[in-house]
Amino acid sequence: MNRLNLMLASAVMSFSACSANQDSNLSSDGSVVVRVDDEVAGANCENGGTAIHTGTDIDGDATLSDSEITGTSYVCAGSDGSSVLVRVDDEAPGQNCSEGGSAVHAGVDSNDNGVLDDTEVTSTSYVCDGVGETTAEATVLEGSFTINNSLDVAFLSGYTEITGQLTVSAPGLTTLTLPDLVRVGGDVVIDNNPDLASIDVSSLTTITGNLSLVDNDSLANLDGFSALTSVGQLVVASNTVMTDISGLGSLTTAGPTVNILGNPLVTSLAGLQSLTPGDVNLRVTNTPLLSDISAIASFTSLGSLTLSSNDALTSIDLSSLAIISGSLVMNSNDALLSIDLSGLTTTASARIQENSQLATIALGALTSAASNLEVVENSVLSALDTGNLVTVGSSFRFEDNNATTSLDVGTLETVGGDFSVRRNAVLSTVTYDALTTIGDDFELSENPSLTTADLGALETVGEFNLVENIVLTSVDLSSFADAGSRYRVRDNASFPSCEVTAIEDQLILAGWPQSSSIDGNDDAAVCP
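Residues numbered from 1 in each chain as written. Predicted model: local features only at pLDDT ≥ 70, side-chain atom pairs only at ≥ 80, totals over all residues. Heavy atoms only, no water.

### As for the side chain of Glu443
Residue placement: Glu443 occurs in strand β38 (residues 441-445). Look at Glu443: it is buried, it has no salt bridge, and the nearest opposite charge is Arg422 at 4.2 Å. Leaving out residues up to four positions away in the same chain, Glu443 has contacts with Phe419, Ser420, Val421, Arg422 and Asn465. (Helix = DSSP H or I, 4+ residues; strand = E, 2+ residues; numbered from the N terminus. Buried < 20%, exposed > 50% of the residue type's maximum accessible area, 1.4 Å probe, protein only. Lys, Arg positive; Asp, Glu negative; His and termini not counted. Salt bridge = Lys/Arg side-chain N within 4 Å of Asp/Glu carboxyl O. Contact = heavy atoms within 4.5 Å.)

### Thoughts on the sheet that holds strand β39 (residues 452-454)
Read across the open sheet, the four strands follow the order β33-β36-β39-β41; overall the sheet is parallel. Either end of the sheet is taken by a strand with one partner, and the two such strands are β33 (406-408) and β41 (474-476). Sheet twist, expressed as the mean angle between neighbouring strand axes with direction ignored, is 5°. Inspection of the sheet shows β39 paired to β41 by three bridges, in the parallel sense. (Pairing = 2+ DSSP bridges. Axes fitted to C-alpha atoms, helices over the stretch in contact; angles between N-to-C directions.)

### So, the state of the cysteines
Going through the model one piece at a time under the given rule, you end up with one disulfide. Each disulfide pairs two cysteine sulfurs, and for Cys498 the partner residue is Cys527, the sulfurs being separated by 1.7 Å. Handedness here is read from the sign of the S-S torsion; for Cys498 and Cys527, about 90°, the answer is right-handed. Taken as a pair, Cys498 in helix α3 (residues 497-509) and Cys527 in the segment after β43 (516-519) lie far apart in primary sequence, 29 residues in all. Given a relative accessible area of 28%, Cys527 falls into the partly exposed group. (Disulfide = S-S within 2.5 Å.)

### Notes on the sheet that holds strand β13 (residues 183-184)
Overall, parallel pairing links the four strands, which are arranged β8-β10-β13-β16 in an open sheet. The sheet is open, and its two borders are formed by β8 (140-141) and β16 (206-207), each paired with just one other strand.

### A short note on the pairing of strand β26 (residues 346-353)
With six of eight residues buried, β26 lies mostly within the body of the structure. Looking at chain direction, β26 and strand β28 (residues 368-369) are connected through two bridges and run parallel. The residue bridging Thr347 from the neighbouring strand is Ala369, located in β28. As paired elements, β26 and strand β29 (residues 373-376) share four bridges and run parallel to each other. Residue pairing for β29: Arg351 is matched across the bridge by Glu374.

### A look at empty space enclosed by the protein
Any space left empty among the atoms is revealed by the rolling of a water-sized probe across them. Applying the stated rule across the entire model yields one cavity of 30 Å³ or more. Of the voids in this model, the largest cavity is the one considered here, and its volume is about 30 Å³. Looking at the largest cavity, the residues that line it are Leu166, Leu176, Val188, Ile190, Val201, Leu204 and Phe225. Per-class residue counts for the lining of the largest cavity are seven nonpolar, no polar and no charged. (1 Å grid on protein atoms, 1.4 Å probe; cavity = no way out; pocket = protein on both sides within 12 Å on 5 of 7 lines; lining within 4 Å. Points joined across faces, edges and corners; volume = space filled by probe spheres on them. Nonpolar A, V, L, I, M, F, W, Y, C, P; charged D, E, K, R; others polar.)

### Topic: the pairing of strand β20 (residues 281-285)
The side chains of a regular strand alternate between the sheet's two faces. For strand β19 (residues 257-261) and β20, the ladder comprises five bridges, and the chain directions are parallel. Residue Ile260 lies in a different strand from β20, and its bridge partner there is Val284. Here β20 runs beside strand β22 (residues 304-308); their pairing, made up of five bridges, is parallel. The residue bridging Val284 from the neighbouring strand is Leu307, located in β22.

### Section: unusual backbone geometry
With omega at 10°, the peptide bond leading from Gly255 into Pro256 counts as cis. Note on placement: Pro256 falls in the loop between β18 (234-237) and β19. Notably, Glu354 is not glycine yet its phi reads approximately 55°, a positive angle. Tracing the chain through its elements places Glu354 in the loop between β26 and β27 (360-362). The phi dihedral of Glu468 falls on the positive side, at around 55°, and the residue is not glycine. Structurally, Glu468 is set in the loop between β40 (463-467) and β41. Residue classification places Glu468 among the partly exposed residues on the basis of a relative accessible area of 39%.

### A word on the pattern of salt bridges
In the structure shown here, the tally under the stated rule is eight salt bridges. The residue Arg183 makes a salt bridge to Glu161 at a minimum N-O spacing of 3.0 Å. One end of the pair, Arg183, is in strand β13; the other, Glu161, is in strand β10 (residues 161-162), and 22 residues separate them in sequence. The class for Arg183 is partly exposed, based on a relative accessible area of 32%. The salt bridge partner of Arg397 is Glu399, with a shortest N-O separation of 2.8 Å. Assessed through its relative accessible area of 25%, Arg397 is described here as partly exposed. Counted as one network, the salt bridges with shared partners bring together Glu374, Arg397, Glu399, Asp400 and Arg423.

### Some thoughts on the side chain of Asn355
Here Asn355 is to be found in the loop between β26 and β27. Of the residues examined, Asn355 reaches a relative accessible area of 0% and is grouped as buried. Polar contacts involving the side chain of Asn355 include one to the main-chain carbonyl oxygen of Gln353, which spans 3.3 Å. Non-local contacts of Asn355, meaning those with residues more than four positions away in its chain, are made with Met330, Asn331, Ser332, Asn333, Leu336, Glu377, Asn378 and Ser379. (Polar contact = N/O pair within 3.5 Å; in protein donor to acceptor, adjacent residues only side chain to side chain.)

Structure, rendered in structure tokens:
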């Protein structure tokens, strides 16, 4: 890298006292140059102001020509006609410049005294001595750095490594070009840059910390990250014109969390295909045009997976996925028709909820859910395949699925928490003929079309509730021995009261301490 100094002491004086009425260049031996021009009233500054240009002095003439400009930031005048001033001060060795240098201040001359007072400074950048000399040591910036404007981008020119955090918080910055940067030892935070349209960090391979790209309203893609292979947590969120993330295609290592959130124009997860998933927690939410998730179709394991509020997603085919060590969440995908997780054997928990067009769910290889398994409010769901499910560690809920006619989980043996089958409008048969134990409440309620329930192996529950199944006529509870804290059978208008009391007698005979609530069943029916 090259050393950046002030050109001449006289240049500093004229530069600090004027309002940029003449070109002012800060240069040293032909590397980074700063030029300050008047900016006429217009799109960049409503009332005019100052344009601070930066770039590399390619021809070595110690001035910055238009063709050499790589970045520009603006300090704008106020509506009262106040001038914009730029002042350059010596900067002593310290936190801002380890070997000293110059501080470039800019601001509006609000008191019209022709001098930029300290209270009027609104922008400061530092031109540091000893930065970027052509030695291997000088290519590493020790500590953290914040880019506030194009001057700061120029100061980083030639650095290959930053040992701390790199933050970009630069309203007005349109281009971030750091082609020499290879490694960042801390986080990279590029958030809230409304004008940033292009990022070129095409040599950057490693971010030891996290990468955050949030609320950059002009950034359309991540093509400038094409060399990135390793990062900590990844967040790409709320970038309103971003259309794809394919620039992350070289990324192999990320985590523990990868978040793709609220990018309204992203259509595909292309860019995540090279990721080694393992224990990665992948969250993709509020991406209304997302229709293609084939980039993750080959994943075999994840830490957790959330796919929610992606309104153009019509199918989820992740049949290669075998293990989710954490949670599975698929909620509120309004166009989703099918979920194929037919290879999934184990998950800590699963919640599939409020997918208004979802017709089929394939979970045929699933043997256990360590915590909850919830299928709720999928209004046109017609088929749930859980043909090998044996254990649910906590709660099982199948509720408000108003197109499902039968529910057969004949392999399920144990539910550690609550068991709830409720408010399923056309559900007519329920088969759980291997289920022996429910740790907490059993709830089979408000299923207006339910006629039969096969629970012939059920022995023990925490509390038993059979309520408001108005056409229910038959329940097999032939092994039932312990109803826990209460045996509640109410308002099943077609279920014979004599059968209800027969089951109660069976419980009492098995030693269950009686606590019953029985009412509203069919008193007129005759039992054999």
